[in-house]
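One letter stands for each residue in the lines below.
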Amino acid sequence: MKNTAREYLNQPVEGTMEIIEQLKGKYQLILLSDHVKEWMQYIEQINHDIDLFDKKIFSYEIGSVKPDKQTFKTVLNRVQIIADETLFVDDHEINIKRAEEEGIHGIIFKNAEQLKQELIERKIL
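Although it is not a glycine, Gln 80 sits at a positive phi angle of roughly 60°. Here Gln 80 shows up in the loop between α5 (69-79) and β3 (87-90). With relative accessibility at 68%, the residue Gln 80 sits in the exposed group. Despite not being glycine, Lys 123 shows a phi value in the positive range, around 60°. Residue placement: Lys 123 occurs in the segment after α7 (112-121). Of the residues examined, Lys 123 reaches a relative accessible area of 69% and is grouped as exposed.

Take the packing of aromatic side chains next. Applying the stated rule across the entire model yields two aromatic pairs. Pairing Phe 58 with Tyr 60 gives two aromatic rings, centres 5.5 Å apart and planes at 0°, and the pair type is stacked. With relative accessibility at 4%, the residue Phe 58 sits in the buried group.

Here we take up the pairing of β3. Of the two faces of β3, the one holding Phe 88 and Asp 90 is buried and the one holding Leu 87 and Val 89 is not buried anywhere. Bridging between β3 and strand β4 (residues 105-108) involves four bridges; their strand directions are parallel. Residue pairing in the sheet places Val 89 in a bridge with Ile 107 of β4. In this region the chain leaves β3, passes through helix α6 (residues 93-101) and returns to the parallel neighbour β4; the handedness of that crossover is right-handed.

Cut-off values and rules
- Residues numbered from 1 in each chain as written.
- Predicted model: local features only at pLDDT ≥ 70, side-chain atom pairs only at ≥ 80, totals over all residues.
- Heavy atoms only, no water.
- Helix = DSSP H or I, 4+ residues; strand = E, 2+ residues; numbered from the N terminus.
- Buried < 20%, exposed > 50% of the residue type's maximum accessible area, 1.4 Å probe, protein only.
- Phe/Tyr/Trp six-rings, centres within 6.5 Å; stacked < 30°, edge-to-face > 60°.
- Pairing = 2+ DSSP bridges.
- Right-handed = clockwise from strand over helix to strand, strands pointing away.

Structure representation (structure tokens):
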């Protein structure tokens with residue numbers, strides 16, 4: 001079962017890495033993940049695309065998950081970033097809502113093309 005889960009969760013979403021590569025160097029890219037330590041260690045060993053991120057913050061390290069308000073306060077403080085200058089992209093509406101409650105701008109991810117269009121509209125790409 002562990003192998004099946006790993007196979008499923010390690011499938012890249014087509015087009016997203018290209019967007020991340022376009023943003024790299026222009027913006028500070030931060031990965032915020034709710035995955036457990038074992039999973040993230042596995043991903044870091046096999047998927048070097050994760051190295052495109054400038055910083056990686058994991059819920060097991062900070063003691064809270066994305067739907068918790070404290071998570072976004074912790075990220076802002078830890079990385080020393082300003083909420084109003086931050087954009088959070090996630091595929092769960094509740095996570096976007098929590099980020100926005102802290103003053104962070106949000107985009108609900110549906111697919112790479114939709115994300116790209118929204119980034120273009122916001123003059124980020």
